[in-house]
Each structure stands twice: as C-alpha cells, then as structure tokens.
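The chain contents come next:
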Amino acid sequence: MQLVFHRIKFTTNIADQTTYKDDWQLCDTKDEARQQILALQNIHGDSLDSWGIAAITDASEKSWVEK
C-alpha cells in the first residue's frame, strides 16, 4: 500500500494571504501512486506546491499494510 500526499498553494480572500492545503490518499501499488501524481500535476499545475509517495510499513488499519 502506498500513501500519496500533496500540498496545494492558494491565495485567500483575506488580505490576499498565501496559504496551503495538505491532502493524502491511499493507492494499492507504486504505479497507481505515480498515476495519481501525474493526475494531480495536470489538475493543479503550478498550484501543486509539493508531493510525495511513501510505502506504508505499519499502521493501525491492518488492511493498509497487507497489500
């Protein structure tokens, strides 16, 4: 199981402040995770501030590490 995490950069309506929103999702394989990153890059463009893919090695949800 892979964890895909990313940060979106955006400007608020309050004094045009720059802020960030972190999000994540689970993918079954590294290939699926890479496809998700490509999709995020296409959707968000320059607003995609950062991203990463990590293997889940331990978790309270056993189904996250069984695959």
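Quick caveat, the model's predicted, so the values are computed rather than measured.

Asker: What am I meant to see in unusual backbone geometry here?
Answerer: Note: most residues except glycine have negative phi, and most peptide bonds are trans. A positive phi angle, near 55 degrees, is found at Ala15, a position not held by glycine. Along the polypeptide, Ala15 turns up in the loop between β1 (2-11) and β2 (18-27). Non-glycine residue Asp16 carries a positive phi angle of around 50 degrees. Assignment of secondary structure puts Asp16 in the loop between β1 and β2.

Asker: Which parts of the structure should I look at to understand the nonpolar core?
Answerer: Nonpolar side chains in soluble globular proteins tend to end up buried together. Residues Val4, Ile8, Cys27, Ala33, Ile37, Leu40 and Leu48 constitute the largest nonpolar core, which totals seven residues. Those elements that place two or more of their residues in this core are β1 and α1 (30-44). A per-element tally of this core places α1 first, with three residues. Apart from residues no more than four positions distant in its own chain, Val4 is found in contact with Asp23, Trp24, Gln25, Cys27, Ala33, Ile37, Leu40, Gly52 and Ile53.

Rules used throughout
Residues numbered from 1 in each chain as written. Predicted model: local features only at pLDDT ≥ 70, side-chain atom pairs only at ≥ 80, totals over all residues. Heavy atoms only, no water. Helix = DSSP H or I, 4+ residues; strand = E, 2+ residues; numbered from the N terminus. Core = buried A, V, L, I, M, F, W, Y, C linked by side-chain atoms within 4.5 Å. Buried < 20%, exposed > 50% of the residue type's maximum accessible area, 1.4 Å probe, protein only. Contact = heavy atoms within 4.5 Å.

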